[in-house]
Amino acid sequence: MKIGFPRALFYYDYFPFWAGFFHELGIEVVTSPPTQRQIMEQGLKKASDETCLPLKLLAGHIQAFKDVDAIFLPRMVSVEADTYSCPKFLGIPESLLSAVPSGMRVLTVTLNWRKGTRQVLKDLQVFGLQLGKGKADIGKALTVGQEWQKRYQNSSGEGFDFEESLREIESTTQDLPYSPKGIVPNYDTDRLRIALVGHSYLTHDPYANLNILKRLRAKADVELVQHVKQEEIEVHLLGLRKKIFWKHAKQIYGAGNKFVTDPKIDGIIYLSCFGCGTDAVVQELLARFAREQHKPYMTITLDEHSGEAGLVTRLEAFLDMVERRKVHEGYISTHGERLDCDSNTL
Amino acid sequence: MKVTFPHMGNAWIVIQTLFESLNVEVVVPPLNSKRTLQLGTRLSPESACLPMKLNLGNYIEAVKEGADTIVITGGIGPCRFGYYGEVERQILRDAGYAYDMVTLEPPDGSLLGLAGRIRYLAGAKNSWGKILKTLRFAYLKSVALDRVEDLIHAARPRLPDPRETEKLYEDAKVRIAQTMTELGVKETVRWVQESIRERQPVLNTYERVSNPLRIGIIGEIYTILDPYTSVGIEEELGRLGAEVDRSIYLSGWIGNHVFQGLAPGYRSIRSYPDYAKPYLPHFVGGHGQETVGAAVKFAQEGFDGIIQIFPLSCMPEIVAASVLPRVQEAYKVPIMTLIVDEHTGHAGIQTRLEAFVDLLERKNIEPRSEQKRGEVLGFGGR
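Keep in mind it's a predicted model, so treat the numbers as computed, not measured.

Undergrad: Please explain the overall build of chain A as it appears in this structure.
TA: Across its full length, chain A carries 13 helices and ten strands. Across the 346 residues in chain A, those meeting the buried criterion constitute 44%. Restricting the contact set of chain A to residue pairs at least 6 apart, pairs at least 24 apart contribute 73%.

Have a look at this one:
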């Protein structure tokens with residue numbers, strides 16, 4: 001059996017788990033090709049207008065499969081106790097059925113860690129019946145999946161390269177030899193250090209974000225949300241009166257907070273997409289904190305109409321500003337402290 | 001301490017009663033208006049949804065009347081509204097408004113914490129017995145308000161003078177807001193019923209549709225409960241001669257959200273998830289699944305059309321909106337989606353509503369035989 005796993009949305013964070021799970025069950029997993037123009041165009045045609053860019057991309061990836069027996073679209077309700085995923089994750093696969101090519105089988109399973117391991121195991125066992133696998137097999141596959149996921153997450157931290165890690169996992173699932181490229185990131189103290197925060201499916205998808213990561217890396221060292229250890233994120237969440245209840249948002253806010261307080265970081269870029277509900281909240285909180293701490297901060301909002309030239313201009317202007325601030329020290333006047341207090345454009 | 005709260009349709013009547021019976025000073029912010037929205041939009045994040053923008057506007061307008069404490073309900077997601085309390089607190093703080101914010105929810109699941117917050121609001125003088133009794137009375141009021149609203153829905157397309165119907169509705173609201181006894185609440189509902197019946201005979205002589213179109217309104221709760229936000233869609237449809245029903249009523253929400261399902265409300269929303277099962281088997285936060293379920297229910301009850309309303313970028317409703325075409329296909333019922341934000345204009349919505357009602361009415365007109373090309377040329381078939 002050959003299952004198609006779209007390279008979009010949940011791929012960037014949870015592919016290791018599902019790869020391990022299916023690998024243990026002896027099911028081949030194929031990922032769709034990296035996002036390109038045709039995929040985006042197909043997605044725009046089939047997805048609903050109101051939804052956000054990542055979901056439109058997912059709709060495109062679904063149509064990019066050839067020669068697979070089924071497409072796998074899990075409903076990732078929650079991946080951690082007391083949190084949810086974004087509501088749009090909860091509506092998968094129903095909200096995307098219109099994008100599935102006719103005659104293609106869709107496999108889905110609800111993953112909800114809010115109710116504990118037992119419930120997850122039960123849901124997966126029901127799913128296993130569709131695949132023709134027994135309870136024992138599923139139990140073992142769950143453990144392996146968790147191991148793979150853990151290894152992926154533990155390898156995060158400074159110098160973590162998600163592209164390499166994901167490529168390694170993909171080669172393993174298809175029994176291909178894997179040769180690490182072995183680029184060791186060297187942090188030069190003279191270079192600018194910019195933090196790029198945002199959802200993994202935006203920061204990690206070079207087509208969707210107009211190659212922002214590569215562009216930034218050409219001029220500065222880049223830190224991502226994934227480079228911050230989970231324990232550090234937890235510490236930085238303590239300042240909130242009420243706990244954030246989205247897993248992704250928690251990670252972004254915690255890591256973003258750390259970047260704001262970290263003197264080694266010269267500036268922060270928040271990568272968001274039009275219509276993102278959780279970003280509307282988290283971005284606001286983070287922007288407030290950055291303003292308070294006088295940290296250079298910029299929001300880039302992506303959608304399907306984003307133009308390259310506009311992005312390049314903004315990036316250059318931002319980097320120039322940060323650079324100048326670093327050299328000349330950017331405290332302008334004490335009087336102007338609250339000049340921007342009415343602005344919500346930050 | 002002077003308490004204030006955000007508006008949501010008729011909810012102010014219930015909340016005002018609640019605090020006044022407990023002898024807590026309460027400020028009812030001016031009703032939602034263009035000004036409210038302008039004030040709120042200035043401070044809100046650009047991509048937050050319309051309810052947050054109106055909430056902030058309400059708070060700012062209430063400051064002028066001396067309010068210093070905000071009461072708001074919370075939630076544990078995944079709808080954004082559950083986190084708005086914290087964001088609004090920070091926004092108001094940074095904008096220089098000295099507000100105290102009390103979120104009525106069990107903090108981290110602790111009921112004791114919730115009790116503490118209620119106690120803080122109610123003061124030391126009120127006994128728990130009195131608080132519970134007041135809650136019950138406020139709940140009764142909300143049920144009565146919903147009954148009145150539903151009667152008005154039915155009256156709008158049937159009574160000859162729309163202005164008189166609106167006046168009746170306004171009067172009834174004032175009466176319910178003022179009365180402090182259960183009997184008074186019941187009397188008002190009866191008074192509305194009788195007033196409508198009195199005007200009914202006029203109907204028979206007046207040539208108006210006796211069997212009006214039926215249109216179901218579904219969508220995000222704030223937008224459908226608040227007439228300012230929905231650009232008066234119910235009144236507008238009533239004037240166009242359509243009878244409106246709605247998926248969620250205030251008391252249904254109170255029963256489910258505040259009393260955790262212990263009270264059903266005027267119209268319980270508990271049955272909707274079952275209706276939604278074939279199309280959206282899992283909840284998606286907010287009232288997304290309820291929206292789909294209500295659409296199925298309205299379709300099964302033979303409604304002529306369904307209108308979904310939600311604020312721009314509302315996450316659960318976007319999921320519902322992408323599922324609704326399949327309901328439309330299965331039941332052959334027209335479903336229209338209206339998205340509102342701070343730029344929504346009255347005229348635009350009105351045009352779309354008129355077109356939608358026209359479309360529905362056309363279906364009921366007897367099909368005429370199609371004119372042939374030759375007949376057109378021969379002018380009248382000669």
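Undergrad: Could you clarify how one ought to interpret the overall build of chain B in this entry?
TA: Counting its secondary structure elements, chain B contains 16 helices and eight strands. Scaling as 2.2 N^0.38, a compact globule of 382 residues should have a C-alpha radius of gyration of about 21 Å, and chain B matches this with 23 Å. With the C-alpha coordinates of chain B rotated into their principal frame, the extents come out at 90 × 45 × 40 Å. Per-residue burial for chain B yields a buried fraction of 46% across its 382 residues. Long-range pairs, those at least 24 residues apart, make up 70% of the contacts in chain B between residues at least 6 apart in sequence.

Undergrad: Can you walk me through the pairing of strand β6 (residues 242-246) of chain B in this structure?
TA: Put simply, side chains in a regular strand alternate between the two faces of the sheet. Residues and elements named next belong to chain B. Burial analysis of β6 places five of its five residues in the buried class, the great majority of the element. On β6, burial covers both faces: Ala-242, Val-244 and Arg-246 on one face and Glu-243 and Asp-245 on the other are all buried. Of the pairings in the sheet, the one linking strand β5 (residues 213-219) to β6 comprises five bridges and is parallel in character. Bridging from a neighbouring strand, Ile-215 pairs with Val-244 of β6.

Undergrad: I would appreciate a short explanation of the sheet that holds strand β3 (residues 70-72) of chain A in the present structure.
TA: Backbone-to-backbone hydrogen bonds join strands into a sheet, with any given pair of strands oriented parallel or antiparallel. All names here are of chain A. One open sheet holds the four strands; their spatial order is β2-β1-β3-β5, and the pairing between them is parallel. Whereas interior strands pair on both sides, the edge strands pair on one side only; in this sheet they are β2 (28-31) and β5 (105-107). Each strand axis lies, on average, 35° off the axis of its neighbour in the sheet, ignoring direction. Here strand β1 (residues 2-5) runs beside β2; their pairing, made up of four bridges, is parallel. Residue pairing in the sheet places Lys-2 in a bridge with Glu-28 of β2.

Undergrad: Looking at this model, I keep getting lost on the interface of chain A and chain B. Mind explaining?
TA: In many reports, interface size means the accessible area that the parts give up when they come together. Taken residue by residue, the interface counts 29 residues in chain A and 34 residues in chain B. Take the side of chain A that touches chain B: its biggest share by element is seven residues, from helix α12 (residues 277-292) of chain A. Per-class residue counts for the side of chain A that touches chain B are twelve nonpolar, nine polar and eight charged.

Undergrad: Whenever I open this one, the domain arrangement of chain B confuses me. Can you help?
TA: Residues and elements named next belong to chain B. As far as domains go, chain B holds domain 1 (3-126), domain 2 (134-156 + 159-207) and domain 3 (209-365). Just the C-alpha atoms count here: the centres of domain 1 and domain 2 sit 28 Å apart. Taken residue by residue, the interface counts eight residues in domain 1 and ten residues in domain 2. Here the side of domain 1 that touches domain 2 is built from residues that sort into four nonpolar, four polar and no charged.

Undergrad: I tried to follow the environment of Lys133(A) on my own but got confused; where do I start?
TA: Among the secondary structure elements, Lys133(A) is positioned in the loop between α5 (117-131) and α6 (135-154). In this structure Lys133(A) touches Leu25(A), Gly128(A) and Ile138(A), once residues within four positions along its chain are discounted.

Undergrad: What should I look at first to understand unusual backbone geometry in this one?
TA: What you tend to see is this: most non-glycine residues have negative phi, and most peptide bonds are trans. With omega at 10°, the peptide bond leading from Ile92(A) into Pro93(A) counts as cis. Backbone geometry at Asn23(B) places phi at a positive 55°, although glycine is not the residue there. Within the secondary structure, Asn23(B) is located in the loop between α1 (11-21) and β2 (26-27).

Undergrad: Help me out: how do you make sense of the environment of Val244(B) in this one?
TA: Residue and element names in this part refer to chain B. By secondary structure assignment, the location of Val-244 is in strand β6. Sequence separation of Val-244 and Ala-320 is 76 residues, and the distance between their C-alpha atoms is 21 Å. Leave out the neighbours within four places in its chain, and Val-244 touches His-153, Ile-215, Ile-217, Glu-234, Leu-237 and Gly-238.

Undergrad: What is the right way to read the sheet that holds strand β9 (residues 267-273) of chain A from this model?
TA: Residue and element names in this part refer to chain A. Read across the sheet, four strands follow the order β8-β7-β9-β10 without closing on themselves; strand pairing throughout is parallel. Each edge of the sheet is formed by a strand with only one pairing partner; in this case those strands are β8 (220-224) and β10 (297-302). Averaged over all pairs of adjacent strands, the angle between strand axes in this sheet comes to 25°, irrespective of strand direction. Its contacts with the sheet put helix α9 (residues 212-219) on β7 (192-198), β8 and β9, and the angle it makes with β8 is roughly 135°. Strands in contact with α12 are β9 and β10; relative to β9, the strand with the most contacts, it is inclined by about 165°.

Undergrad: Hey, could you run me through the packing of helix α2 (residues 37-46) of chain A against helix α3 (residues 53-63) of chain A in this one?
TA: How two helices pack is summed up by the angle between their axes together with the distance between the axes. All names here are of chain A. At a minimum axis distance of 7 Å, the contact between α2 and α3 shows a crossing angle of 110°. With respect to each other, α2 and α3 are oriented roughly perpendicular. Across the interface between the two elements, Ile-39, Met-40, Gln-42, Gly-43, Leu-44 and Lys-46 from α2 touch Lys-56, Leu-57, Ala-59, Gly-60, His-61 and Gln-63 from α3. Taken together, the residues of the contact of α2 with α3 break down into five nonpolar, five polar and two charged.

Undergrad: Looking at this model, I keep getting lost on the packing of α5(A) against α6(A). Mind explaining?
TA: Residue and element names in this part refer to chain A. Packing of α5 against α6 brings their axes to within 9 Å, and their N-to-C directions diverge by 125°. In this view, α5 runs oblique relative to α6, as classed from their interaxial angle. Crossing of α5 over α6 shows right-handed handedness. Two secondary-structure elements touch here, α5 through Leu-121, Leu-124, Gln-125 and Gly-128 and α6 through Lys-135, Asp-137, Ile-138, Gly-139 and Leu-142. Class assignment for the residues of the contact of α5 with α6 results in four nonpolar, three polar and two charged.

Undergrad: Sorry, what's going on with the environment of Leu213(A) here?
TA: All names here are of chain A. Among the structural elements, Leu-213 can be located in helix α9. In this structure Leu-213 comes out as partly exposed when scored by C-beta crowding, with 19 C-beta atoms within 10 Å. Separated by ten residues in sequence, Leu-213 and Glu-223 have C-alpha atoms that sit 9.8 Å apart.

Undergrad: Sorry, what's going on with helix α11 (residues 250-258) of chain B here?
TA: What sets the pattern is the α-helix's 3.6 residues per turn: residues three or four places apart point alike. Residues and elements named next belong to chain B. Extensive coverage of α11 is indicated by the burial of seven of its nine residues. For α11, the complete set of buried residues consists of Leu-250, Ser-251, Gly-252, Trp-253, Ile-254, Gly-255 and Asn-256. In this structure, the buried residues of α11 make contact with α1, α6 (128-155) and α9 (221-225). At the C-terminal side of α11, Gln-260 shows a positive phi close to 55°.

Undergrad: When you look at the pairing of β9(A) in this model, what are you seeing that I'm missing?
TA: All names here are of chain A. Burial runs high along β9: seven of the seven residues are buried. Because side chains alternate across β9, one face comprises the buried residues Gly-267, Ile-269, Leu-271 and Cys-273, and the other comprises Ile-268, Tyr-270 and Ser-272, equally buried. Here β7 runs beside β9; their pairing, made up of five bridges, is parallel. Bridged to Gly-198 within β9 is Leu-271. Relative to β10, β9 runs parallel, the two sharing six bridges. Residue pairing in the sheet places Leu-271 in a bridge with Ile-300 of β10. For the segment spanning β9, α12 and β10, crossover handedness is right-handed.

Undergrad: Can you help me understand helix α14 (residues 315-331) of chain B in this one?
TA: Between its first and last C-alpha atoms α14(B) spans 25 Å; for 17 residues at 1.5 Å apiece the expected length is 24 Å, and the two agree. Residue Val323(B) marks the point of greatest curvature in α14(B), where the axis turns by about 35°; the proline Pro325(B) follows within four residues. For α14(B), the set of buried residues is Met315(B), Pro316(B), Glu317(B), Ile318(B), Val319(B), Ala320(B), Ala321(B), Ser322(B), Val323(B), Leu324(B) and Val327(B). Of the surrounding secondary structure, the elements contacted by the buried residues of α14(B) are α4 (87-90) and α12 of chain A together with β5, α13 (288-300), β7 (305-311) and β8 (335-340) of chain B. At the C-terminal side of α14(B), Lys332(B) shows a positive phi close to 55°.

Rules of the game
Within each chain, residues carry numbers counting from 1 in the order of the written sequence. Chains and ligands are labelled sequentially in the order written, the chains with letters from A and the ligands with numbers from 1. Under the rules for a predicted model, residues below a pLDDT of 70 receive no local features and side-chain atom pairs below 80 are neither given nor counted, while totals for whole chains, interfaces and linings still include all residues. Helix numbers and strand numbers start at the N terminus; a helix is a DSSP run of H or I with at least 4 residues, a strand a run of E with at least 2. Labels follow a simple rule on C-beta atoms placed from the backbone: if 20 or more others lie within 10 Å of a residue's own, it is buried; if 12 or fewer, it is exposed; otherwise it is partly exposed. We call two residues in contact if the C-beta atoms placed from their backbones are at most 7 Å apart. We compute the radius of gyration over the C-alpha atoms and compare it with the globule rule, which gives 2.2 Å times the number of residues raised to the power 0.38. The rule for pairing is simple: two strands pair if DSSP sees at least two bridges between them. Helix axes are fitted to C-alpha atoms over the stretch in contact, other axes to C-alpha atoms as well, and angles between N-to-C directions run from 0 to 180 degrees. Gly counts as polar in this scheme, as do all residues outside two lists: the nonpolar Ala, Val, Leu, Ile, Met, Phe, Trp, Tyr, Cys and Pro, and the charged Asp, Glu, Lys and Arg. Bear in mind that the domain bounds are from an automatic or database domain assignment. For classification purposes, angles smaller than 35 degrees are called roughly parallel, those larger than 145 roughly antiparallel, those between 65 and 115 roughly perpendicular, and all remaining angles oblique. Definitions for this section: a left-handed crossing has its near helix turned counterclockwise from the far helix by less than a right angle. A right-handed crossing has that turn clockwise. Handedness rule for crossovers: strands pointing away from the viewer, path from the first strand over the helix to the second running clockwise, crossover right-handed. For a helix, the expected span equals 1.5 Å multiplied by the residue count minus one. Bend is computed residue by residue as the angle between axes fitted to the seven residues ending at the residue and the seven residues starting at it.

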